[in-house]
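Read off the chains here:
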Amino acid sequence: MRAIDVHHLGIGRVVCAWQVGDVLVDPGPEPALPTLLEALGDWRPRALLLTHIHLDHAGGTGALARRWPDVEVYVHERGAPHVIDPSKLMSSAGRLYGEDNMKRLWGEVLPVEQERVHALSGGETLRELAGGIRVAYTPGHASHHVAYLHEESGRAFVGDVAGVRIPPSDLVIAPTPPPDIDVEAWESSLDRIAAWRPASLGLTHFGAVDDAEAQLEATRTSLRDLAGLARRGDADLLENAVRGAIEREADGPATVQAYETAVPPSHLFMGLERYWRKRAEREAQAAAEPR
């Protein structure tokens with residue numbers, strides 16, 4: 001097992017792909033594939049396991065599937081259609097990042113043949129992969145998010161649901177971009193991972209965390225704090241608070257850059273504003289229904 005820094009945009013400690021037995025977890029974005037492939041050498045995975053389909057985690061999947069025609073792809077059932085046909089995913093990402101930035105950030109996002117995509121719902125055990133992988137459905141950051149527990153090592157690979165922490169800093173930030181943020185679901189997902197009692201966590205942003213319980217609780221605290229700030233309706237307040245925390249906690253400009261690339265502070269309010277707005281709409285609709 002090893003963590004591979006793919007140096008997204010040439011920046012270290014932003015995106016970590018995980019080589020685990022005969023599988024690769026979250027291969028990262030397409031422009032970073034040369035770095036990943038150089039690190040892998042002649043090794044070839046049996047399968048790609050995606051925690052979710054956001055482009056920093058999974059954008060290189062189609063290109064790798066084309067390079068390795070026998071590789072299988074595992075992803076939550078809600079994300080599977082977008083791996084097969086990424087056009088809607090790319091349109092949504094373009095609204096967030098700006099069409100002019102898409103090629104530089106994410107490169108060419110290619111489709112994967114339907115017969116090679118395995119749709120997960122959560123609760124499965126993939127006994128044929130890496131000596132045994134358990135799957136949990138972990139929405140909150142994304143409605144199609146899953147986590148994987150490697151049974152042999154006890155390490156849980158948690159995508160974004162267990163937050164962003166750029167070593168050597170201990171600062172943990174819950175990444176809350178649009179469009180799928182659900183605070184209550186996210187807290188339940190943290191409970192679900194904690195119930196595994198993992199020996200450690202494998203973060204995509206960034207690396208191994210030995211104190212799993214502390215990382216999960218720090219993510220919960222960050223999520224609640226950010227949600228509280230967003231509820232006040234002031235995007236600048238939230239963004240400035242996050243930038244200030246990064247400046248205080250990071251050990252230098254390189255770590256600041258890694259944090260701001262892995263979890264852009266300007267994106268955090270948008271996901272939580274949508275969450276609060278949709279929640280208010282549901283509550284208003286429920287109140288208006290006849291009893």
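Thresholds applied
Residues numbered from 1 in each chain as written. Predicted model: local features only at pLDDT ≥ 70, side-chain atom pairs only at ≥ 80, totals over all residues. Heavy atoms only, no water. Helix = DSSP H or I, 4+ residues; strand = E, 2+ residues; numbered from the N terminus. Polar contact = N/O pair within 3.5 Å; in protein donor to acceptor, adjacent residues only side chain to side chain. Contact = heavy atoms within 4.5 Å. UniProt positions renumbered as here; feature names shortened; annotations may be inferred. Pairing = 2+ DSSP bridges. Axes fitted to C-alpha atoms, helices over the stretch in contact; angles between N-to-C directions. Core = buried A, V, L, I, M, F, W, Y, C linked by side-chain atoms within 4.5 Å. Buried < 20%, exposed > 50% of the residue type's maximum accessible area, 1.4 Å probe, protein only. Expected span 1.5 Å × (residues − 1). Arc of directions from axis to C-beta. Parallel < 35°, antiparallel > 145°, perpendicular 65-115°, else oblique. Nonpolar A, V, L, I, M, F, W, Y, C, P; charged D, E, K, R; others polar. 1 Å grid on protein atoms, 1.4 Å probe; cavity = no way out; pocket = protein on both sides within 12 Å on 5 of 7 lines; lining within 4 Å. Points joined across faces, edges and corners; volume = space filled by probe spheres on them. Salt bridge = Lys/Arg side-chain N within 4 Å of Asp/Glu carboxyl O.

**Concerning the side chain of His52**
So, point 1. Structurally, His52 is set in the loop between β4 (47-49) and α2 (55-58).
So, point 2. Within polar-contact distance, the side chain of His52 engages the side chain of His141 at 3.5 Å.
So, point 3. A distance of 3.3 Å separates a polar atom in the side chain of His52 from a polar atom in the side chain of Asp160.
So, point 4. Leave out the neighbours within four places in its chain, and His52 touches Asp26, His57, Ala58, His141, Ala142, His144, His145 and Asp160.

**Observations concerning the UniProt feature "domain: Metallo-beta-lactamase" (unreviewed entry) in the protein**
So, point 1. When the UniProt feature table is mapped to this numbering, "domain: Metallo-beta-lactamase" (unreviewed entry) covers residues 14-205.
So, point 2. Helix makes up 29% of residues 14-205 and strand 20%, whereas the separation of the span's terminal C-alpha atoms amounts to 6 Å.

**Here's the deal with the sheet that holds strand β12 (residues 207-209)**
So, point 1. Spatially, the 6 strands line up as an open sheet ordered β7-β8-β9-β10-β11-β12, and their pairing is mixed. Strands with a single pairing partner mark the edges of an open sheet, and in this sheet they are β7 (125-126) and β12.
So, point 2. Bridge count for strand β8 (residues 133-137) against strand β9 (residues 146-150) is 5 bridges, and the pairing is antiparallel. Considered in β9, the bridge of Ala136 is made with Ala147.
So, point 3. In the packing of helix α8 (residues 212-231) onto the sheet, the strands contacted are β11 (200-203) and β12, and the crossing angle to β11 comes to about 55 degrees.

**Focus: the nonpolar core**
So, point 1. Ranked by size, the top nonpolar core spans 96 residues in total, and within it Leu36, Leu49, Tyr148, Val158, Ile173, Leu201 and Leu238 carry the most contacts.
So, point 2. Here the element with the most residues in this core is α8; it accounts for 7 residues.
So, point 3. The contacts of Leu201, once residues within four sequence positions are left out, are Arg155, Ala156, Val158, Ala162, Ile193, Gly207, Ala208, Val209, Ala212, Gln215 and Leu216.

**Examining helix α9 (residues 235-249)**
Along an α-helix, residues three or four positions apart point the same way, because every turn accommodates 3.6 residues.
So, point 1. Counted at 1.5 Å a residue, the expected span for α9 with its 15 residues is 21 Å, and the 21 Å between its end C-alpha atoms agrees.
So, point 2. Listed in full, the buried residues belonging to α9 are Leu238, Val242, Ala245 and Ile246. Summarising the axial view, the buried residues of α9 lie within an arc of 100 degrees, below the 170-degree limit, and thus occupy one face. Structural note: α9 exposes Asp236, Asn240, Glu247 and Arg248 on the side pointing more than 90 degrees away from its buried face.
So, point 3. Turning to α9, the residues buried within the fold contact α8, α10 (253-262) and α11 (265-288).
So, point 4. A side-chain oxygen of the first residue of α9 lies 3.1 Å from the backbone nitrogen of Asp236; this N-cap is Asp234.

**Considering the packing of α8 against α9**
So, point 1. Axis separation between α8 and α9 bottoms out at 8 Å; the angle between their running directions is 150 degrees. Here α8 lies roughly antiparallel to α9, going by the angle between them. Note on element contacts: α9 touches α8 through Leu237, Leu238, Ala241 and Val242, opposite Leu226, Leu229 and Ala230.
So, point 2. Tallied by class, the residues present in the contact of α8 with α9 amount to 7 nonpolar, no polar and no charged.

**What about the layout of surface pockets?**
So, point 1. Approximately 830 Å³ is the volume found for the largest pocket.
So, point 2. Along the wall of the largest pocket there are 38 residues; nearest its centre are His54, Ala93, Leu96, Tyr97 and Pro178.
So, point 3. Listing elements by their share of the lining of the largest pocket, those giving two or more residues are α2, α5 (87-97), α6 (99-106), α10 and α11.
So, point 4. Broken down by element, the lining of the largest pocket gets its largest block of residues, 7 residues, from α5.
So, point 5. Among the residues making up the lining of the largest pocket, the classes are represented as 21 nonpolar, 10 polar and 7 charged.

**Notes on the pattern of salt bridges**
So, point 1. If you walk through the whole model with that rule in mind, you get 13 salt bridges.
So, point 2. The residue Arg46 makes a salt bridge to Asp22 at a minimum N-O spacing of 3.9 Å. Highlighted residues: Arg46 in the loop between α1 (33-40) and β4 and Asp22 in the loop between β2 (16-20) and β3 (23-25), separated in sequence by 24 residues.
So, point 3. Salt-bridge contacts for Glu113 lead to Arg116; the nearest nitrogen and oxygen are separated by 3.1 Å.

**Observations concerning the environment of His150**
So, point 1. Summarising the element assignment, His150 is placed in strand β9.
So, point 2. Between the alpha carbons of His150 and Trp196 there is a distance of 11 Å; along the sequence they are 46 residues apart.
So, point 3. When residues no more than four places from it in sequence are discounted, the contact partners of His150 are Met1, Val20, Ala130, Gly132, Ile133, Arg155 and Phe157.
So, point 4. At 2.8 Å, the side chain of His150 forms a polar contact with the side chain of Ser153.

**Quick look at the sheet that holds strand β6 (residues 117-120)**
So, point 1. Taken in spatial order, the 6 strands make up an open sheet running β1-β2-β3-β4-β5-β6, and their pairing is mixed. Unpaired on one side and paired on the other, β1 (2-5) and β6 mark the two borders of the sheet. Each strand axis lies, on average, 25 degrees off the axis of its neighbour in the sheet, ignoring direction.
So, point 2. Where strand β5 (residues 72-76) lies against β6, 4 bridges are found, and the strand directions are parallel. Pairing of Tyr74 across the sheet is with His118, part of β6.
So, point 3. Against the sheet, α1 engages β1, β2 and β3, with an angle of about 145 degrees to β1.

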